[in-house]
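Coordinates in review
Letter by letter, the chains look like this.
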Amino acid sequence: RVPGPGAAVSAQLQMDLRYAHEKPDPWNDPRLSQCDAILAYMQAGHAITPALAYDLFRTLACHSRIAELRGRGIQIETRIVRRNGKQFGQYRVLR
């Protein structure tokens, strides 16, 4: 729930906002290519799906970006996810 105008903002929310301003996510750097942004996202410990790649990086070809990363020698695990009658890949960097 978002506080209304004039409502006191919790100390935790203030800390979160301050931290977000001081330490932005590395994958949000506009100078990064889609490939490098996806790699930074996965190296931060996140898995990525085609829908998430579109939402975060506006790429319609997640599988192509993954293939590019594999071509660079990055080891990426693919897991097939079945949800709501649909099937899609979920990708994660192997550590």
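Thresholds, definitions, all that
- Residues numbered from 1 in each chain as written.
- Predicted model: local features only at pLDDT ≥ 70, side-chain atom pairs only at ≥ 80, totals over all residues.
- Heavy atoms only, no water.
- Helix = DSSP H or I, 4+ residues; strand = E, 2+ residues; numbered from the N terminus.
- Contact = heavy atoms within 4.5 Å.
- Axes fitted to C-alpha atoms, helices over the stretch in contact; angles between N-to-C directions.
- Parallel < 35°, antiparallel > 145°, perpendicular 65-115°, else oblique.
- Nonpolar A, V, L, I, M, F, W, Y, C, P; charged D, E, K, R; others polar.

Here we take up the side chain of threonine 49. Position of threonine 49 relative to the elements: it lies in the loop between α2 (34-43) and α3 (50-57). Contacts of threonine 49, omitting those with residues within four sequence positions, involve Cys62, Phe88, Gly89 and Gln90.

Another point: unusual backbone geometry. The phi torsion of most residues other than glycine is negative, and most of the peptide bonds are trans. Residue arginine 58 is not a glycine yet carries a positive backbone phi of 55°. By the element assignment, arginine 58 lies in the loop between α3 and α4 (62-71). Even without a glycine there, the phi angle at asparagine 84 is positive, about 55°. Relative to the helices and strands, asparagine 84 resides in the loop between β1 (76-83) and β2 (86-93).

Okay, the packing of α2 against α4 next. It is at 10 Å that the axes of α2 and α4 come closest, and there the two elements cross at 80°. The angle between α2 and α4 places the two elements in the roughly perpendicular class. Here Gln34, Cys35, Ile38, Leu39 and Met42 of α2 come into contact with α4, specifically with Arg65, Ile66, Glu68 and Leu69. Among the residues forming the contact of α2 with α4, the class breakdown is six nonpolar, one polar and two charged.

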